[in-house]
Amino acid sequence: MHNELKITDMQTLESNKKTTEEFANTNSLKLPDFTTDSYKDAYSRINAIVIEGEQEAHDNYISIATLIPNELEELTKLARMEMKHKKGFTACGRNLGVEADMEFAKKFFSKLHGNFQIALEKGNLTTCLLIQAILIEAFAISAYNVYIRVADPFAKKITEGVVKDEYLHLNYGQEWLKENLSSCKEELMEANKVNLPLIKKMLDEVADDASVLAMDREELMEEFMIAYQDTLLEIGLDNREIARMAMAAIV
Ligand code: PL3
Ligand code: FE2
Ligand code: FE2
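Summarised in this report is the structure supplied together with it. (Residues numbered from 1 in each chain as written. Chains lettered and ligands numbered in written order. Predicted model: local features only at pLDDT ≥ 70, side-chain atom pairs only at ≥ 80, totals over all residues. Heavy atoms only, no water.)

1. Focus on the site of ligand 1
Spelled out, the test is: Here a residue is considered near a molecule or strand provided that any single heavy atom belonging to it is located within 4 Å of it. Pairing of N or O atoms within 3.5 Å defines a polar contact, subject to two protein rules: one partner must be a possible hydrogen donor and the other a possible acceptor, and residues neighboring in sequence count only if both atoms are side-chain atoms. Here the open area of atoms and residues is found with the Shrake-Rupley method and a 1.4 Å probe, where only the protein chains shown may cover a residue. Note on conventions: DSSP H or I runs of at least 4 residues are helices, E runs of at least 2 residues are strands, and numbering of each starts at the N terminus. When residues are grouped by polarity, Ala, Val, Leu, Ile, Met, Phe, Trp, Tyr, Cys and Pro land in nonpolar, Asp, Glu, Lys and Arg in charged, and all others, Gly among them, in polar.
Taken together, 15 residues lie near ligand 1, and Ile-46, Glu-54, Glu-82, Glu-137 and Glu-166 sit nearest. Interatomic distance of 2.8 Å between a side-chain N/O atom of Glu-82 and an oxygen atom of ligand 1. In the model, an oxygen atom of ligand 1 is placed 2.9 Å from a nitrogen or oxygen of the Glu-166 side chain. Out of a free accessible area of 530 Å², ligand 1 has 100% covered by protein chains. At 7 residues, helix α5 (residues 125-148) tops the list of elements feeding residues into the shell around ligand 1. Across the shell around ligand 1, the residue classes break down as 10 nonpolar, 1 polar and 4 charged.

Printed below as a string of structure tokens:
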């Protein structure tokens, strides 16, 4: 009796193992060929976007600190993480033998960058936080979560480390906006109306290149909406307000 049980357990183990192997196999079949010219061509733009995005995120947290001086230490920490992310993604490009198209990436961010700078000059902290800590971070989280599923092993490991930090960044913006909701709600809604459509445009712009990396557009949108809606809910907005805000992406 005892013996029989053992055998059954071992059989179960064995068949589990097989299932895992088969799964890994089917999965790896779906991974793109990282060495083709078309992969590298798309990667030169996507990699640049990510590198530029991390650099701008760094600069933005440093700028935000000028509006909340007593948060200087915390914001400097976040900014440092962004530089680490930039280094990590630079290594990913180097590892694949790809040169990042930084000029393309600068253009890609220019509109959003401009809006952030205007808000900064005016001292509109809520708008700055919405742009960087909510919209850009949710965009990064969606992209990185999807990328992890189809990345080369080197990039996968780096991206897994990065995405954990991005949740901290999203959380930072979330907590500040939550604490100040009564005084910043109106500005939050207005800034969202202007800037969410830009994120949607950026997603559309990157979709073709992303699909060459086996990243699906619908999946990217889905991941974005999850991070975005979760955050707005945590900030304390109700379902109707969140629906109204999300609607800005489709009109
Ligand atoms: C915030 O910490 C960083 C902001 C970066 C924004 C990234 C947007 C990425 C869109 C492109 C999707 C491809 C992801 C692939 C990663 C190499
Ligand atoms: Fe980052
Ligand atoms: Fe970040």
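2. Side note on the packing of aromatic side chains
Geometrically, a pair of aromatic rings is defined through the distance of the ring centres and the angle of the planes. The criterion, for reference: Each pair of aromatic rings taken from Phe, Tyr and Trp, with Trp reduced to its six-membered ring, is defined by centres within 6.5 Å and is described as stacked if the planes are under 30 degrees apart, edge-to-face if over 60, and tilted in the remaining cases. Partly exposed residues are those whose accessible area sits between 20% and 50% of the maximum for their type, while under 20% is buried and over 50% is exposed, using a 1.4 Å probe and protein chains only.
All told, the structure shown has 7 aromatic pairs when counted by the stated rule. Measuring from centroid to centroid gives 5.3 Å for Phe-34 and Tyr-39, while their planes differ by 85°, and the two rings are edge-to-face. Taking relative accessible area as the criterion, Phe-34 reaches 17% and is therefore assigned buried. Between Phe-104 and Phe-108 the ring centres are 6.4 Å apart and the planes differ by 25°, which places this aromatic pair in the stacked class. Placement of both Phe-104 and Phe-108 in helix α4 (residues 102-122) is noted, with a separation of 4 residues, approximately one turn of the helix. The exposure class assigned to Phe-104 is partly exposed, which follows from its relative accessible area of 27%.

3. Thoughts on the coordination of the iron ion (ligand 3)
Heads up, the rule is: Because water is not among the atoms used, a metal site may look incomplete, as its donors are only the N, O and S atoms within 2.8 Å, or 3.2 Å for Na, K and Ca. Under the classification used here, a metal with four donors is tetrahedral if each angle lies between 85 and 135 degrees, square planar if opposite donors are over 155 degrees apart and the others between 65 and 115, a six-donor metal meeting that same test is octahedral, and anything else is irregular.
Around the iron ion (ligand 3), the protein contributes the donor atoms Glu-82 (OE), Glu-137 (OE), Glu-137 (OE), Glu-166 (OE) and His-169 (ND1), at 2.0 to 2.4 Å from the metal centre. Between the 6 donor atoms coordinating the iron ion (ligand 3), the angles at the centre fall across 56 to 157°, so the site counts as irregular. Summarised as a motif, the one-chain spacing of the donors to the iron ion (ligand 3) is E-x54-E-x28-E-x2-H. The class for Glu-137 is buried, based on a relative accessible area of 2%. Take His-169: its relative accessible area is 0%, and that puts it in the buried class.

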